[in-house]
Every structure is written in C-alpha cells, then in structure tokens.
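Below, each chain spelled out in residue letters.
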Amino acid sequence: VQMNVLNQALFSKLANTSAITSLLAEGSASIYHLQAKNNATLPYCIWSLQGGGDENETANRTKNLLVFVRAYSGVSALQAGSIDAQIDTALHLVPLTVSGWTDFWLAREEDLETVETEPNGIKKYMQGAFYRVRLDKD
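All of these numbers come straight from a predicted model, not from anything done at the bench. (Residues numbered from 1 in each chain as written. Predicted model: local features only at pLDDT ≥ 70, side-chain atom pairs only at ≥ 80, totals over all residues. Heavy atoms only, no water.)

A closer look at the overall build of the protein chain
Link 1 in the chain: Along the backbone of the protein chain there are three helices and five strands.
Link 2 in the chain: Mapped from its N terminus to its C terminus, the protein chain presents α and β elements in the order α-α-β-β-β-α-β-β.
Link 3 in the chain: Dimensions of the protein chain along its principal axes, counting C-alpha atoms only, are 55 × 25 × 25 Å.
Link 4 in the chain: Taking all 138 residues of the protein chain together, 44% fall into the buried category.
Link 5 in the chain: Counting only contacts in the protein chain whose residues sit at least 6 apart along the sequence, the fraction spanning at least 24 positions is 55%.
Link 6 in the chain: Per element, the accessible surface of the protein chain, about 7200 Å² overall, is 48% carbon and sulfur.
Link 7 in the chain: Each charge class in the protein chain can be summarised by its mean position, and for the 11 positive and 15 negative side chains these summaries are 5 Å apart. (Helix = DSSP H or I, 4+ residues; strand = E, 2+ residues; numbered from the N terminus. Buried < 20%, exposed > 50% of the residue type's maximum accessible area, 1.4 Å probe, protein only. Contact = heavy atoms within 4.5 Å. Areas by Shrake-Rupley, 256 points an atom, 1.4 Å probe, with all protein chains shown as cover. Lys, Arg positive; Asp, Glu negative; His and termini not counted. Charge placed at Lys NZ, Arg CZ, Asp CG, Glu CD.)

Section: the side chain of D103
Link 1 in the chain: Within the secondary structure, D103 sits in strand 4 (residues 101-117).
Link 2 in the chain: Buried charged residue D103 carries no salt bridge. Nearest counter-charge: K13, at 7.7 Å.
Link 3 in the chain: Engagement of the side chain of D103 in a polar contact is seen with the backbone nitrogen of L96, the distance being 2.8 Å.
Link 4 in the chain: Side-chain polar atoms of D103 contact the backbone nitrogen of W105, separated by 3.2 Å.
Link 5 in the chain: Every residue in contact with D103, bar those within four places of it in the chain, is listed here: V94, P95, L96, R134 and L135. (Salt bridge = Lys/Arg side-chain N within 4 Å of Asp/Glu carboxyl O. Polar contact = N/O pair within 3.5 Å; in protein donor to acceptor, adjacent residues only side chain to side chain.)

Digging into helix 1 (residues 3-15)
Link 1 in the chain: The first and last C-alpha atoms of helix 1 sit 18 Å apart over 13 residues, in line with the 18 Å expected at 1.5 Å per residue.
Link 2 in the chain: Within the sequence span of helix 1, burial applies to V5, L6, N7, A9, L10, L14 and A15. (Expected span 1.5 Å × (residues − 1).)

Let's talk about the nonpolar core
Link 1 in the chain: Membership of the largest hydrophobic core comes to 27 residues, with the highest contact counts inside it found for L6, L14, V69, I87 and V98.
Link 2 in the chain: Every element with two or more residues in this core is listed here: helix 1, strand 2 (44-54), strand 3 (62-73), helix 3 (77-91), strand 4 and strand 5 (123-137).
Link 3 in the chain: In terms of residues, this core owes the most to one element, helix 1, which gives six residues.
Link 4 in the chain: Beyond its immediate chain neighbours, meaning those up to four positions away, L6 contacts L65, V67, L96, V98 and V133. (Core = buried A, V, L, I, M, F, W, Y, C linked by side-chain atoms within 4.5 Å.)

As structure tokens, this is what we get:
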C-alpha cells in the first residue's frame, strides 16, 4: 500500500470523529503522523506504521500492517485513556476507506501505556494500541 493513502485514511477517520477531536487541545490540528510538532499543546494523538507488508499468499495483492495509534496527556493517564477509548470506538472493527484498496480488517490488538518525564520535570502520559490493518488491492 502506498503509505500516503493509508495515512490519509487514518487521519480522515481520526479527524472526522468529534468524540476524539473534542478531547484534543486543538481539535483535528492535534492529530499527528509519526510525531507531534515542536511545542505541541497536550493532549494530542499520534499514529505511525510499526511494520507489516505483503502477505504473498495468493495472486491478489494483500497487505497486513500494524499501526500504532496513541493519545498523549500532560494531565493524567486517565485523560490519555479517555482519548484512547474514543480512538478504539472509531477504529476497532470499523471499516477504513483506503483509496485503491478494500479494507477487510481493522482491529485493535495490543494495548500500550507509558509515562515519560521530560527534562523540565513535566510528565507525559500515553495510552494507545497497535491496530491490525488488512487490505486487498482493488
């Protein structure tokens, strides 16, 4: 899958879910690919491809990918978890429209949680999950 079309699909799904954007500092402007911008205001959401590729089991092109979608909060793990719960509702077993591909599986697989203490002493809480994305070429 050309990553641009998957990235567009994921951003669109997250940015057009008001239950998510209403919890973020700057609405859909708080949704980032790979990493947040410098000095981004918490809370925000980040997604990134973690791995995967062609399955090569049939003559049809099929992708099996793992995407990491997570929420960050500077307030608490509870706030990050509330955002993550809305991400789960928007993505788990919900069709994803990816241009040029047919989505036949989008499911949450692994839950993750961390807290980081930045050099200035501020804690940043993360909650999120790996999502399995399986696509067939149209």
